[in-house]
Amino acid sequence: MKLLCPRVITGSLTALNKGAVDWGFQGLIAYGCENIVVIVEPKIVQVIQALEKHRCAVVKVKWAKENYCHDLASSYNLRLASADVAGHIFVWDVAAAVTTAMFSDGNRPIQDMEWLSLQDTSHDLLAVLHPPHSLVLWNADTGTKIWKKTYTESLLSFSFDPFDAANVAFLGQDCLLLVGDFSCHKLPSSKGRKFYISNSGGNISGSGSSSSLGGHGSSFSGATGVDKRTGTRQTLRSKVKSLVMQEGKHSRIEDGSNIMLTDCLQLGYHPAWRHCLILVYPREVLLVDLQIKQTVGIIPLERTGSPFVQVYACRQRDMLICLHENGSITVRMRKLCCSPAPTPNEPGSPYMTVGDSNVDVMYELRCQSDPMRLNKQARIYSISACPVTENKFSLLLGDSRILFWELRTVELAFAPHAYNQPVMSPLHTPGENITDQCTIPDSWTFPYRNNISTPKMVLSDMIGSIDSKVKSEHEVAFKFLLVGLLSGVASPIVVLRMCPPLTTKNWNIYKALLAVGTTCGSVQIFNLATGALWKEFNLHSCSVRGLEWVSLTGFLSYAYPTPGTNGLVKNELLLIDINTGRTRQLRGNRTAEEPPIELVRVSYLKQYVVVTFKDCPMEIWDLRSFTLLRQMPPNFPIVTSLEWSPSATVKNLKRRHASQESAKGSSDSTVASAREQTPEHTAQGSPAVELVDRQENKAAALKEHFVFTDNEGQLYHFFVEGSTVREGSKIPPDGNMGLITCIAWKGDTMVLADMDGNLSIWDLKARISKAVPTHRGWIKKIRFAPGRGNMKLLILYGDGVDIWDAKEVELVSSIKTPKDLPKLQDVEWAASDRPLLATDDGCIRVLDMKMRVSCSQIQHHDTLEVIFSPYLLPGKASLTLQYHLQHQPWRENYSLQMTDLTDTSEEFTQKLVNEQVDIIDSELKEYLPNCRFGIAQRCLFVAQLFGNESEINFWTVALHYLRREKACPLGKSDSFIKRTSSDVFVPSDALSREVEDLVLLDNRQQSELRESQQLWKSLRGLPLDCCWDVLVDQETFLKCNLQKLALHESRCTSYELAQQCIQEMIFLGQGDRAVHMLLDTDADSHSYYADCLRACLVATIRSSGASQSTIKLVATNLIANGKLLEGVELLCLIDKSLDACRYLQSYGKWNLAAWLAKCTLEYRECLEVFRRWVEHLCSPTVNLKSKAVLVLLSMGQFLKVIEMLYSMRYFSRAAVFAEACIEFGVLTESDENRILLVFGSYLNYAFYSVFSIFCMSYFHYFQSLPVSKLILSFRNKKRSSSLFSEHMHF
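Now for a description of the structure that goes with this document. Quick caveat: nothing in here was measured; it's all calculated off a predicted structure. (Residues numbered from 1 in each chain as written. Predicted model: local features only at pLDDT ≥ 70, side-chain atom pairs only at ≥ 80, totals over all residues. Heavy atoms only, no water.)

What the five strands build is an open sheet, ordered β27-β28-β29-β31-β30; its pairing is antiparallel. The strands lining the two open edges of the sheet, one partner per strand, are β27 (380-385) and β30 (427-428). Pairing of strand β29 (residues 402-411) with strand β31 (residues 475-486), which is carried by ten bridges, proceeds in the antiparallel orientation. Bridging from a neighbouring strand, Leu407 pairs with Phe480 of β31. (Pairing = 2+ DSSP bridges. Helix = DSSP H or I, 4+ residues; strand = E, 2+ residues; numbered from the N terminus.)

Below, the structure is given as structure tokens:
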């Protein structure tokens, strides 16, 4: 058991704490409670840290992003930013419980803040929004203000675009502000674009889940129109919400058509859907497409549904987690619905989009948790989700309770009937099953064969994407499972009482238990070593008035309701056994009213208890027999304070032990007979055991004595022995003292305190007393600290608390309230040097002797279980653990246990690593040594285990494209568009195909290669989801964009939107649809003639290529004269998309160029565009090398990836990735500069052109880690290569 250290146990939250909660990639939850930042470990469901430096309520907490490569210079650490209502921002080292920076922009409050992650310049940048309209960018490491931007509108919150770091959306009081030039290098120059949400024609209908438009009418003004072309097209849906851009104050929309944003609860970008903004209202959720500035989806509530409170948008799958006011959580998953169209599909379109089709974005209700019974104190505050798994959620309530929910999948056959309905589209698993391994030939050494199921750690492992269909999929359904409940202090607190202190006789069974009485009648037992609620007893129907421990496992609790006019109440005095929960009325079931209990005091030997009443004589009870020893007469003095003597206890017991031997011997036979009647394993608290304990205690009855004072200050001395109560001496009152309020007695020192703030310290042995004025007013309580010779005295006043040294008669420390702390409710000693304070904010603070420190390092805290967290390990240990789990080239067989470090200096590191390995989930521990796809898959699991965002992104993309490259190289892949010249003859008859097949079959190697590729195609897995944007394969990317195009087409309510869709169709090669839409223009429109000519142009160019040179010249002139998109459109019409991409890149439209290249170009042309984009991303002004690495991965440029990782000094990632590439066999040997080497490092194989310098750097890097000794020992076994000896010697 560790020593008690300073900590805070928190209670109820305030309304200002509502938005202050965050679940970080570090795996921990942070939330604000009053002015305290609380850190929760969700796996063990325990508060592991509470940070207190704020003087005001905490309004925001944000974990630092982990989107960077970790090394010794930037190791794993717990960094957190917190902000209070006064505008102060603290950056914490959570593990060490210290602040690394503190800064503020004056005393201006804080509305929102966010760490910057989509950049490689620095991972210390923090953006902070101050009311009414200021955005400040800080360097959180140094507290330096980088720039400050002031806008013109009042802003409430903001959100960064997860796809483009330059885009920021602000939620204003009456508008949305979109900024497109955010940069961490310079101050944004623009004021942003203001948009207002308006109704196009009426109220929003709650019958559907989206507000889509039926098609294109006679005009594009947003009014209802009829399609004159067919006469059967439905009218435009008038109940549509759209974004209307307003530039000036005089052009503001009328209030009648505006939707007030003051009701908007939340704004945020959708992380799985580019250009999508989510607006949360109490009765609906809007999904706004920023490309067309319209609402493309609405999630309405049923008429009796509970209002929305918050929405979490998942990234791995297009899914929304919605929190409602009644505490229920709903899961809604996107479903794209297309209505049938009478016209056939256009060739190449993956779904029905031509004709009178309407594309609706719907979110189906998939799962719902049970609602909660809530009261005024337990209101819903916030929901947070694990960003790594996205299937674990925490629900924070106002009374500091946290509910931990986990989303799991079950087979559809076993799903609840409510979710097994035919109207819902099926959910499928990704398809990684053991049965797939039957397709792997026995001759293959890779991928590895095993009989272990792949762990489903994250959401993408549980369900596949919406459109995925593979053989091994099977239908599943969601269900919520409550996996944990964390409770805090039930505020408000009335009384504290610490259990008997630690001694040499009880240290092996001792628990530092604190009993807390509340106004609701419950008593909570907290273990101060862990800070966790151990047990809670609902004992009374009214407020608890006092607590007294009778042993380490039992306490007395008394309560009574508020007295009436007669001053009488029904007292409740209960004895509780905390192990069994058994309660017993000490004074019996007394139904008559009596004066309220004022004081209950238990003797030091726990034999007797004194109960005093208001204006009524006291009672003395025997705790061993639960009998009343004596009730004082009516004329007995009124007790104002009372204390038992601690002196005649153990010494007297030893002295009288010999004289009691005879009496004890006579009673042994009775005791033995009672024990024989008791079973060996009788539960504690049974009648037989109580009989034995009472008879033994009766034989050992000792004399104890107590003192008390009356209203006049006279001191009385009484003795209690067995059933005898005798009065002792009387001491007249001290003239310098007022009304005595409390007494403390320890050893030969007795201290009396009065209402005037005076102390009278008596030395009973020397028979002297000393008066000490404190000048603090009424003294409510005094308490000696436990421990022999420890004469520290804790004194509670009405306005604070002091600690005095009664031996030296000097003040040790002092606190004044509410200046230093909130008003105090009660004080106690948690240990000999740990004062314990209960404050008015519902918190319990364990402080140091100076009463200045209330938090300590996490490593000093006891935890319920060992915590798996690399962030709590030393830097070398965490990195050693990571490399040990990723790959072990120094061993023939992978092993989770580290046993190779024999150096004494590294034994501690090895111990830490093995302790962390032991607590990894058993399913993952079983799979890690037998990963089916080797090193790359193992690194992905380790990255998810560590919560390393950068590693997760890298290895997700790397593993996907390694599998695809093994199945079919990207240069030969069918996923890229193939361009064939019109003058090349391609035989298509059956005879030609048979001849071609015979030729191929004659080549055995090609046949085997094709068979191998076919097998790998079945093993390459599902495509990346749309959240990866241009990083997905071309087939999936084109499919997603065609779906989005159909969605835009169905929302065209204006001529401008129609022109935008036409341009997008031409970019995507959908010429027939573009012509169809151009001819759909109303004849009364001023652009009717131009659109007809344009339709003729598009149709003519697609059938004849004679005029390509002229069109290219016109396109070039348009671009030169500022008509960039118009010129690019002409180039795309004549299949010059590569030239179009080059022009776009020359004019700085890098994202549009990448989008166009991915949609229209073949592999080699797309690679050219992407290589130039990578050069731009790596430029010093942009500095997005991490994104450039992912772009190269998506194009299969693995060797370039290794080179870039080396240039970024990501040596460990480069080494492991190179090993993974070799394992997949995707790197080929070159005669000129690619020579296969065998060297003894973290790599077994390498290519000379890249690794001759790289390996040297990597070895020097690993010399600083404990695993370097293992690598060097492995290197000594691989010195057969002279080239290795030349380059690896150091």
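Another aspect to go through is the environment of Cys276. With respect to the helices and strands, Cys276 occurs in strand β20 (residues 276-280). On a C-alpha basis, the gap between Cys276 and Leu290 in space is 6.0 Å, while along the polypeptide they are 14 residues apart.

A few words now on the side chain of Asn758. Positionally, Asn758 belongs in strand β50 (residues 758-763). With a relative accessible area of 18%, Asn758 lands in the buried category. Apart from the residues within four sequence positions on either side, Asn758 is in contact with Asn736, Met737, Leu752, Ala753, Val772, Pro773 and Ile779. (Buried < 20%, exposed > 50% of the residue type's maximum accessible area, 1.4 Å probe, protein only. Contact = heavy atoms within 4.5 Å.)

Further remarks concern the pattern of salt bridges. Applying the stated criterion across every chain, the model contains 38 salt bridges. Arg590 is the salt-bridge partner of Glu619, the closest N and O atoms lying 3.6 Å from each other. Pair noted here: Glu619 is in strand β42 (residues 616-622) and Arg590 is in the loop between β39 (583-585) and β40 (597-602), with a separation of 29 residues, a long-range link. The exposure class assigned to Arg590 is partly exposed, which follows from its relative accessible area of 35%. Here the residues in one salt-bridge network are Arg497, Glu548, Arg601, Arg783 and Glu828, joined through shared partners. (Salt bridge = Lys/Arg side-chain N within 4 Å of Asp/Glu carboxyl O.)

Turning next to helix α12 (residues 1034-1049). In this model α12 runs 22 Å from its N-terminal to its C-terminal C-alpha over 16 residues, within 8% of the 22 Å that 1.5 Å per residue would give. Of all the 16 residues making up α12, twelve are buried; the element is thus mostly covered by neighbouring parts of the structure. Among all positions of α12, only Gln1034, Thr1036, Phe1037, Asn1041, Leu1042, Gln1043, Lys1044, Leu1045, Ala1046, Leu1047, His1048 and Glu1049 are buried. (Expected span 1.5 Å × (residues − 1).)

What follows is about the packing of helix α9 (residues 949-967) against helix α21 (residues 1185-1194). Between α9 and α21, whose axes approach to 9 Å, the crossing angle comes to 10°. By the angle between their directions, the pair α9 and α21 is classed as roughly parallel. Taking contact as the criterion, the partners of Asn953, Phe954, Val957, Ala958 and Tyr961 in α9 are, on α21, Val1189, Leu1190, Leu1193 and Ser1194. A breakdown of the residues in the contact of α9 with α21 according to their chemical character gives seven nonpolar, two polar and no charged. (Axes fitted to C-alpha atoms, helices over the stretch in contact; angles between N-to-C directions. Parallel < 35°, antiparallel > 145°, perpendicular 65-115°, else oblique. Nonpolar A, V, L, I, M, F, W, Y, C, P; charged D, E, K, R; others polar.)

Summarising the element assignment, Gln937 is placed in helix α8 (residues 934-946). Looking at Gln937, the relative accessible area reads 5%, which means it is buried. Filtering out sequence-adjacent residues up to four positions away, Gln937 remains in contact with Thr454, Tyr927, Cys931, Arg932 and Leu959.

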